[in-house]
Amino acid sequence: MKLPVEERSPEAVRGAVVQTAKALSDPARVQMLELIAHGRACCNLPTEPDTPDGVCVCELQEQLGLGQSLVSYHVRVLKEAGLVREAHRGRWTYYLLDVSGLAALRAFTQELAPVESQGLIKQDPTF
């Protein structure tokens, strides 16, 4: 069980930020995360009673045009980063967004915000 960000050491928070950034460094994983975040509504997938609102690997395969082993690999990376969680129903596994993985990244970026507001970072005029 992961500790809340406030209770983690600075080294643990940095490690979580790096793991999240690595997980988000692949365009396919970013797209998968978007699909998973929208649940079954992402692709007009049917819903059934007692079915989690997640997306299964076979549905991600279809949406992304990737093979099962590659989709499973990407889901595992997202899961290890705390961005995705599993919900089981019978022999099926559905993947849902787990925002706890974003907590360290959010805390890290909020910590940087005061530095920007103090004028210590030069703004790029192209943004």
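Here is a short report on the structure shown in this document.

Calculation rules
Residues numbered from 1 in each chain as written. Predicted model: local features only at pLDDT ≥ 70, side-chain atom pairs only at ≥ 80, totals over all residues. Heavy atoms only, no water. Axes fitted to C-alpha atoms, helices over the stretch in contact; angles between N-to-C directions. Helix = DSSP H or I, 4+ residues; strand = E, 2+ residues; numbered from the N terminus. Parallel < 35°, antiparallel > 145°, perpendicular 65-115°, else oblique. Left-handed = near helix turned anticlockwise from the far one by under 90°. Contact = heavy atoms within 4.5 Å. Nonpolar A, V, L, I, M, F, W, Y, C, P; charged D, E, K, R; others polar. Salt bridge = Lys/Arg side-chain N within 4 Å of Asp/Glu carboxyl O. Buried < 20%, exposed > 50% of the residue type's maximum accessible area, 1.4 Å probe, protein only. Pairing = 2+ DSSP bridges.

## Remarks on the packing of helix 2 (residues 27–38) against helix 3 (residues 57–64)
Between helix 2 and helix 3, whose axes approach to 11 Å, the crossing angle comes to 120°. For the element pair helix 2 / helix 3, the angle class is oblique. Remark: the crossing between helix 2 and helix 3 carries right-handed chirality. Facing Ala28, Gln31, Met32, Leu35 and Ile36 of helix 2, the residues of helix 3 in contact are Leu60, Gln63 and Leu64. Among the residues forming the contact of helix 2 with helix 3, the class breakdown is 6 nonpolar, 2 polar and no charged.

## Some points on the packing of helix 2 against helix 4 (residues 68–80)
The N-to-C vectors of helix 2 and helix 4 enclose an angle of 75°; their axes lie 10 Å apart at closest approach. As far as their axial angle goes, helix 4 and helix 2 are roughly perpendicular. Across the interface between the two elements, Ala28, Arg29, Met32 and Leu33 from helix 2 touch Val71, Tyr73, His74, Val75, Val77 and Leu78 from helix 4. In the contact of helix 2 with helix 4, the residues fall into 8 nonpolar, 1 polar and 1 charged.

## Observations concerning the environment of His38
Residue position: His38 is located in helix 2. In this structure the C-alpha to C-alpha distance between His38 and Gly54, which are 16 residues apart in sequence, comes to 8.4 Å.

## So, the pattern of salt bridges
Applying the stated rule across the entire model yields 1 salt bridge. A salt bridge links Lys79 to Glu86; the nearest nitrogen and oxygen atoms lie 2.9 Å apart. We classify Lys79 as partly exposed; its relative accessible area is 37%. For Glu86, a relative accessible area of 30% gives the class partly exposed.

## A word on the environment of Leu33
With respect to the helices and strands, the residue Leu33 is situated in helix 2. On the basis of relative accessible area, Leu33 is assigned to the buried category, the value being 12%. Leu33 sits 10 residues away from Ala23 along the chain, and the two C-alpha atoms are 9.9 Å apart. Sequence-distant contacts of Leu33, defined by excluding residues within four places in its chain, comprise Leu24, Leu78, Leu83, Val84 and Leu97.

## Focus: the pairing of strand 2 (residues 92–97)
A regular strand places its side chains so that they alternate between the two faces of the sheet. By the bridge criterion, 6 bridges tie strand 1 (residues 84–89) to strand 2 in an arrangement that is antiparallel. When the sheet's bridge partners are listed, His88 is paired in strand 2 with Thr93. In textbook terms, the turn of a hairpin is the stretch between consecutive antiparallel strands, and for strand 1 and strand 2 this stretch comprises 2 residues, one of which, Gly90, has a positive phi near 60°.

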